[in-house]
Amino acid sequence: MSAYRGRFAPSPTGPLHFGSLIAALASYLDARAARGEWIVRIEDVDESRTVPGANDAILRQLEAFGFEWDGEVVLQSRRTHLYEAALSRLRSQGLIYRCRCSRREIADSALHAMNGTIGEGAIYPGTCRALGVDPATPGADRLLVAGARLAFDDRVQGRISQDVTREIGDFVLKRRDALHAYQLAVVVDDADQRITDVVRGADLLHSTPRQILLQRLLGLPTPRYLHFPVATHEHGEKLSKQTLAAAADDREAAALLGAGLRFLGQEAPDEARPREILRQAVSRWSAQAVPRRTQVAVAAVLEGRAPGV
């Protein structure tokens, strides 16, 4: 795993917006600056959120903005056999148990994170941990988490430490509706695709210790991590389909790429052609220049103000 392999992994819930464009841009620049590969993986494991036609729309947008990926585009929905194999390995170690609790029951009895940084809400109190619920009983499969304090060095955010047992609790790997959870799928996919470097938004920063825990339990390598600031609306809401973020218009490709570079603390080339903007940006890429913040308001960047303002 000495050669760099990075990835961009959008969810097909709609077209790319400015926030997801930044994710593509940061991961692409970091990979190409290291003379590495950059692959695209469509994270459609949650079929309930998938929008028909979104896969093709995302790929067309990437092409219009000048991005070129390596190899075949991978769909998570075609890889469920790999997730089941990983679950079986964990189950054979006695680390998986069936949880029959409903969301309401969990909300009523759960503990809550005190530091306000996890963003996970309720912490599962382990209600079904020792009950030996029959695997045939409707419910979710949870990972038994015990004494797991994990730390890693993020390339932008610095040292991150989390007591997974106290701050998260036993987390779901396969949902009640039989869909595999993101935490499991991303770990299996990154290992299977030999990803060496994960570059993504800071909204996933506190998911990383859980993923490292799973990597260790499954005997998988741990990539390097870089979490850049999340793009937010003026009042701190993350740009997303739920907050009505506008689709990235390829007719504005040069301007949006320039804004994305400023957002990431990079110099924006004075160019009008997307591929030339990317080529120059690769040659100037500096991960050290990315703001060490977990979020940045997009309005400030679009108005030409520095991310730190």
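Above this text sits the structure in question.
Here is what the cut-offs are and how they apply
Residues numbered from 1 in each chain as written. Predicted model: local features only at pLDDT ≥ 70, side-chain atom pairs only at ≥ 80, totals over all residues. Heavy atoms only, no water. Phe/Tyr/Trp six-rings, centres within 6.5 Å; stacked < 30°, edge-to-face > 60°. Helix = DSSP H or I, 4+ residues; strand = E, 2+ residues; numbered from the N terminus. Buried < 20%, exposed > 50% of the residue type's maximum accessible area, 1.4 Å probe, protein only. Lys NZ or Arg CZ within 6 Å of the ring centre and 35° of its normal. Core = buried A, V, L, I, M, F, W, Y, C linked by side-chain atoms within 4.5 Å. Contact = heavy atoms within 4.5 Å. Pairing = 2+ DSSP bridges. Axes fitted to C-alpha atoms, helices over the stretch in contact; angles between N-to-C directions. Expected span 1.5 Å × (residues − 1). Right-handed = clockwise from strand over helix to strand, strands pointing away. Salt bridge = Lys/Arg side-chain N within 4 Å of Asp/Glu carboxyl O.

Undergrad: Is there a simple way to explain the packing of aromatic side chains in this structure?
TA: For any pair of aromatic rings, the description consists of the separation of the ring centres together with the inter-plane angle of the planes. Overall, the coordinates contain six aromatic pairs when judged by the stated rule. Arranged with centres 5.2 Å apart and planes meeting at 85 degrees, the rings of Y28 and F67 form a pair that is edge-to-face. Linking Y28 in helix α1 (residues 18–33) with F67 in the loop between α2 (54–64) and β3 (74–75), this pair joins segments that are 39 residues apart in sequence. Overall, the relative accessible area of 8% leaves Y28 in the buried class. Members of the aromatic cluster, each reached through a chain of ring pairs, are F8, Y28, W38 and F67. Seen from the ring of Y124, R142 lies directly overhead, with NZ or CZ sitting 3.7 Å from the centre.

Undergrad: Can you walk me through the nonpolar core in this structure?
TA: Across soluble globular proteins, nonpolar side chains have a tendency to be buried as a group. Counting residues in each nonpolar core, the largest one holds 45 residues, and the members touching the most others are F18, W38, L62, F67 and F228. Here this core gets ten residues from one element, more than from any other, and that element is α1. Beyond its immediate chain neighbours, meaning those up to four positions away, F67 contacts L21, A24, L25, Y28, W38, L62, L257 and L278. The next biggest cluster of nonpolar side chains, apart from the first, holds 31 residues, and it includes L143, L150, A185 and L218.

Undergrad: Mind showing me how you'd approach the sheet that holds strand β4 (residues 96–99) here?
TA: One open sheet holds the three strands; their spatial order is β4-β7-β10, and the pairing between them is antiparallel. On the outer flanks of this sheet lie β4 and β10 (172–174), each paired with one strand and no other. On average, adjacent strands in this sheet sit at an angle of 45 degrees to one another, irrespective of strand direction. Judged from the two bridges that link them, strand β7 (residues 140–143) and β10 form a sheet pairing that is antiparallel. Following the sheet pairing, D141 is matched in β10 by K174. Helix α3 (residues 80–92) contacts β4, β7 and β10 of the sheet and is inclined by roughly 125 degrees relative to β10.

Undergrad: Please explain the sheet that holds strand β1 (residues 5–8) as it appears in this structure.
TA: Spatially, three strands are ordered β1-β2-β3 in an open sheet, and the strand pairing comes out parallel. Strands at the two margins of the open sheet, each flanked by one partner only, are β1 and β3. Two strands pair when backbone bridges link them, and strand β2 (residues 37–42) and β3 are joined in this way by two bridges, in the parallel orientation. Residue R41 lies in a different strand from β3, and its bridge partner there is V74. Packing of α1 onto the sheet brings it into contact with β1 and β2, and relative to β2 it is tilted by some 150 degrees.

Undergrad: Would you mind showing me how to read the environment of F65 here?
TA: Here F65 is to be found in the loop between α2 and β3. Taking the relative accessible area as the measure of exposure, F65 reaches 2% and is therefore buried. Taking the C-alpha atoms as reference points, F65 and I277, separated by 212 residues in sequence, lie 9.5 Å from one another.

Undergrad: Is there a simple way to explain α3 in this structure?
TA: Residue pairs spaced three or four apart in an α-helix point in one direction, given the helix's 3.6 residues per turn. The terminal C-alpha atoms of α3 lie 18 Å apart, and with 13 residues this matches the ideal 18 Å at 1.5 Å per residue to within 8%. Those residues of α3 that are buried are in contact with β4, β7, β10, α6 (182–192) and α7 (208–218). G94, located one to two residues past α3, shows a positive phi value of around 75 degrees.

Undergrad: When you look at the pairing of β1 in this model, what are you seeing that I'm missing?
TA: Every other side chain in a regular strand lies on the same face of the sheet, so the side chains alternate between the two faces. Burial of the side chains of β1 extends over both faces: R5 and R7 are buried on one face and G6 and F8 on the other. As defined by bridge partners, β1 adjoins β2 across four bridges and the pair is classed as parallel. Residue pairing for β2: R7 is matched across the bridge by I39. Once the chain exits β1 it traverses α1 before rejoining the sheet at β2, and the crossover so formed is right-handed.

Undergrad: Would you take a moment to explain the pattern of salt bridges for this structure?
TA: For side chains bearing opposite charge, pairing can occur when the charged atoms are close. Under the definition given, this model contains 23 salt bridges. In this structure, the salt-bridge partner of R275 is E68, at a minimum N-O distance of 3.9 Å. Of this pair, R275 sits in helix α9 (residues 274–284) while E68 sits in the loop between α2 and β3, placing them 207 residues apart in sequence. Residue class for E68 comes out partly exposed when judged on its relative accessible area of 42%. In this structure, R98 engages D141 in a salt bridge whose closest nitrogen and oxygen atoms are separated by 2.9 Å. With R98 in strand β4 and D141 in strand β7, the pair connects residues that are 43 residues apart, well separated along the chain. Here R98 matches D141 in class, with each residue buried. Each of R7, R41, E43, R79, D189, D190 and D192 takes part in one network of salt bridges that share partners.

Honestly, it's all geometry; don't read function into it.
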